[in-house]
Amino acid sequence: MTTQQQLQHLYWRAGFGPRPEDVTAGIPPRKALRQLLQNSEKVELLDSPQMRYSEPLTQFRPVAPGSGTPQNSKVTTPDQTARPASQTQRVPAGGMAARSGLAGAQGRNQPPLLRRQEMTSEQRKLQNQSIREAFYAMNTGWLQRMATSPAQLREKLTLFWHGHFACRVRRPDAALHLNNTIRQLALGKFGDLLLAVSKEPAMLQFLNNQQNRKQHPNENFAREVMELFTLGRGHYAEADVKEAARAFTGWGYDGQGAFVFREKQHDDGPKTFLGRTGNFGGEEVLSIILEQPACAEFITTKLYRFFVNDVPNPQHIGPLAQAFFRSGYDIRALLEQMFSADWFYDPANVGTRIKSPVELLAGIKRTLGLQLVNDKPLIVFQKALGQTLFQPPNVAGWPGGRNWIDSSSLLYRLQLPAVLLKNAEFSVSLKQDENDIAPNLGQADRTFQQPVKTTLRLAPVQALLARTPPAQQAAQLGQFLLQTPLRPDNLALIQQMASKVPAEDRLRTTVTALLSLPEYQLM
């Protein structure tokens, strides 16, 4: 494998693909990895005025203080998550409290939110539109971040945890707050990330822990924490679920989006969990889970499947999991060990993973500097291809792998380059989604049929080909854009297509044809 091939593999797996200038720089893969890690040390929260959502307010009236005691050590606002001083950041103006219309010195004396049952049909319609616009801004803003941010590894890992800690809520501010909490802790210690996510209002609501009370436990949150977030099936018993649920009683959040522990709702009796007995609370349950080597193996396996290969290799995962456990669950150290391993560049691991829809879109944008005149079609593309950011199908997240491809999604994938690069028309009738903000749209409202206007930067691609004779440029482009070898018959067809267009259009035609090959779906 050449240095260029290794670089491209690293940039696709640890980020959203290489830019032409990344390849022309010709740096060794180990130096590129150090650069990726260094560039991802800084945390830049996802935020913009368009992402900030506020709900309709009633006429002002005093509000009694909410019940419950705010948790002291780790209120889930970005600036209070323990991190090194070098990474400390101010809470953005779009922090959860601000987005919910409850920020400021008055705090709880702000007008209370208008409850949905108190709204007129027109107010509900406006509320739905406001929610939808905020989610659209969050979605397209994050996709742009993936395509352009120097912190490629942090954004890629945020996408991984976004699927691992899958959460789907109606409130955009809660969803964005969870996303930024994940972004901050994505490369730190898994224990810190697990605790912070477990105390996020979005997650507590999604998994019904707000209803988890003494003598009336709700087991949903406790079950998913073990089954999907930490241990996997077979490493706990049904009795452990029941006891953990008791430990998490009283965990909730207040109207300002801050975690609260409601002591009167907490079951403070003794509990036996994973062989240990004590008067455990939620924090102790999470600590006991982290003491299990099975947790380290579960997380390592899932990271391996995302970053290396859909088929886990026990010979690779065993040493990685042991080192991960010994390090106190240091995510950055685990990934550095994974990307530094010789087997990371084995042929079995290169060009063998199907790009998710988000990786596909972000990769095209990053490689070609592509911008849409109107970003809304990016939402349509995601819905058509089966992965919409902030809208996972369920708590298990997106299944990934071969599940990304079916007859209709493959057709859309192969059409996408012509839509984005040559203003071809994209036509799709989206499926009904019962969980959507507006679930009962008619077919006409769910149908998208129009060309998509874009701009792209081909100058860096031209620079990549500057020393390549014209007859060899299609093959050289194929080596850059594809992670699998370009078949001779496909190369001949692409060269033939390019020869039939004016000289000024040949590069765009060649790039479009290469991106339209099934091989481009692999990385």
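Further up the page is the structure itself.
Please read all numbers here as calculations on a predicted model, not as lab measurements.

Cut-offs and rules
- Residues numbered from 1 in each chain as written.
- Predicted model: local features only at pLDDT ≥ 70, side-chain atom pairs only at ≥ 80, totals over all residues.
- Heavy atoms only, no water.
- Helix = DSSP H or I, 4+ residues; strand = E, 2+ residues; numbered from the N terminus.
- Buried < 20%, exposed > 50% of the residue type's maximum accessible area, 1.4 Å probe, protein only.
- Contact = heavy atoms within 4.5 Å.
- Areas by Shrake-Rupley, 256 points an atom, 1.4 Å probe, with all protein chains shown as cover.
- 1 Å grid on protein atoms, 1.4 Å probe; cavity = no way out; pocket = protein on both sides within 12 Å on 5 of 7 lines; lining within 4 Å.
- Points joined across faces, edges and corners; volume = space filled by probe spheres on them.
- Nonpolar A, V, L, I, M, F, W, Y, C, P; charged D, E, K, R; others polar.
- Axes fitted to C-alpha atoms, helices over the stretch in contact; angles between N-to-C directions.
- Parallel < 35°, antiparallel > 145°, perpendicular 65-115°, else oblique.
- Phe/Tyr/Trp six-rings, centres within 6.5 Å; stacked < 30°, edge-to-face > 60°.
- Lys NZ or Arg CZ within 6 Å of the ring centre and 35° of its normal.
- Left-handed = near helix turned anticlockwise from the far one by under 90°.
- Expected span 1.5 Å × (residues − 1).
- Salt bridge = Lys/Arg side-chain N within 4 Å of Asp/Glu carboxyl O.
- Core = buried A, V, L, I, M, F, W, Y, C linked by side-chain atoms within 4.5 Å.
- Pairing = 2+ DSSP bridges.

Caption draft 1: Region of the structure containing the overall build of the protein. Secondary structure summary: the protein contains 22 helices and 9 strands in total. Expressed as a percentage of the 523 residues in the protein, the buried residues total 54%. In the protein, the share of contacts with a sequence separation of at least 24, taken over all contacts with a separation of at least 6, comes to 74%. Taken as a whole, the protein presents about 23,100 Å² of accessible surface, with 50% of it coming from carbon and sulfur.

Caption draft 2: Quick look at empty space enclosed by the protein. Within this structure, the stated rule accounts for 2 cavities of 30 Å³ or more. Roughly 50 Å³ of volume is contained in the largest cavity. Considering the residues around the largest cavity, the lining is formed by His-162, Phe-165, Ala-166, Cys-167, Ala-175, Leu-178, Phe-390 and Pro-392. Tallied by class, residues from the lining of the largest cavity come to 7 nonpolar, 1 polar and no charged.

Caption draft 3: Spatial organisation of the packing of helix α1 (residues 3-14) against helix α6 (residues 152-164). Taken N-terminus to C-terminus, the directions of α1 and α6 make an angle of 50°; their axes are 8 Å apart at the nearest point. The orientation of α1 with respect to α6, classified from their angle, is oblique. The residues of α6 that touch α1, namely those facing Trp-12, Arg-13 and Ala-14, are Gln-152, Leu-153 and Lys-156. Looking at the contact of α1 with α6 residue by residue, the class counts come to 3 nonpolar, 1 polar and 2 charged.

Caption draft 4: Spatial organisation of the packing of aromatic side chains. Inspection of every chain in the model, using the stated rule, returns 23 aromatic pairs. Centre to centre, the rings of Phe-165 and Phe-229 are 5.0 Å apart; their planes meet at 65°, and the pair counts as edge-to-face. Within this pair, whereas Phe-165 is found in the loop between α6 and α7 (172-185), its partner Phe-229 is found in helix α10 (residues 220-230), the two being separated by 64 residues in sequence. Judged on exposure class, the residue Phe-165 and its partner Phe-229 are both buried. For the cation-ring pair, Lys-355 lies above Trp-12, with the distance from its terminal atom to the ring centre recorded as 4.0 Å.

Caption draft 5: Focus on the packing of α6 against helix α13 (residues 293-307). Look at α6 against α13: their axes get within 11 Å of each other, and the N-to-C directions meet at 120°. The orientation of α6 with respect to α13, classified from their angle, is oblique. Of the two possible hands of crossing, α6 and α13 adopt the one that is right-handed. Residues Lys-156, Leu-157, Phe-160, Trp-161 and His-164 of α6 pack against Phe-298, Ile-299, Lys-302, Leu-303, Phe-306 and Phe-307 of α13. Here the residues of the contact of α6 with α13 are counted per class, giving 8 nonpolar, 1 polar and 2 charged.

Caption draft 6: Region of the structure containing helix α18 (residues 407-422). Between its terminal C-alpha atoms α18 stretches 23 Å, which fits the 22 Å expected from 16 residues at 1.5 Å a residue. Within the sequence span of α18, burial applies to Ser-409, Tyr-412, Arg-413, Leu-416, Pro-417, Val-419, Leu-420 and Leu-421. At the exit of α18 stands Asn-423, carrying a positive phi of roughly 55°.

Caption draft 7: Expanded view of the side chain of His-177. Within the secondary structure layout, His-177 lies in helix α7. Here His-177 falls in the buried class, since its relative accessible area comes to 2%.

Caption draft 8: Spatial organisation of the pattern of salt bridges. Tallying each qualifying case throughout the model produces 19 salt bridges. Residues Glu-155 and Arg-145 are paired through a salt bridge, measuring 3.3 Å at the closest nitrogen-oxygen approach. With Glu-155 in helix α6 and Arg-145 in helix α5 (residues 121-148), this residue pair connects regions lying 10 residues apart in the sequence. Judged by relative accessible area, which is 1%, Glu-155 ranks as buried.

Caption draft 9: Expanded view of the side chain of Thr-510. Locating Thr-510 in the fold gives a position in helix α22 (residues 506-515). A relative accessible area of 8% means that Thr-510 is categorised as buried. Non-local contacts of Thr-510, meaning those with residues more than four positions away in its chain, are made with Ala-474, Leu-477, Ile-494 and Ala-498.

Caption draft 10: Broad picture of the nonpolar core. With 138 residues, the main nonpolar core has Leu-157, Trp-161, Phe-165, Phe-190 and Phe-381 as its most contacted residues. Those residues in contact with Phe-190, other than ones at most four positions away along the chain, are Trp-161, Phe-165, Phe-229, Thr-230, Leu-290, Cys-295, Ile-299, Phe-324, Tyr-329 and Ile-331.

Caption draft 11: The layout of surface pockets, seen in detail. Each pocket or cavity is described by its volume, and for the second largest pocket that value is around 960 Å³. What lines the second largest pocket is a set of 31 residues, and nearest its centre among them are Lys-302, Arg-305, Trp-398, Pro-399 and Gly-400. Where the lining of the second largest pocket is concerned, the elements lending two or more residues are α6 and α13. The greatest single-element share of the lining of the second largest pocket, amounting to 7 residues, is contributed by α13. When grouped by side-chain class, the residues that make up the lining of the second largest pocket number 14 nonpolar, 10 polar and 7 charged.

Caption draft 12: Structural view of the environment of Gly-269. Positionally, Gly-269 belongs in the loop between β3 (259-261) and β4 (271-273). By relative accessible area, Gly-269 is classed as buried at 14%. Between the C-alpha atom of Gly-269 and that of Asn-279, which follows or precedes it by 10 residues, the distance is 5.8 Å. Setting aside chain neighbours within four positions, we find Gly-269 in contact with Arg-246, Gly-278 and Asn-279.

Caption draft 13: Summary view of the pairing of strand β7 (residues 425-429). By the alternation rule, side chains of β7 split into Phe-426 and Val-428, which are all buried, and Glu-425, Ser-427 and Ser-429, of which none is buried. The sheet contact formed by β7 and strand β8 (residues 447-451) spans 5 bridges and is antiparallel. Directly across from Ser-429, in β8, lies its bridge partner Thr-447.

Caption draft 14: Quick peek at the environment of Pro-451. Tracing the backbone shows Pro-451 in strand β8. The class of Pro-451 is partly exposed, set by a relative accessible area of 44%. The residues contacting Pro-451, other than those within four sequence positions of it, are Asn-423, Ala-424 and Glu-425.

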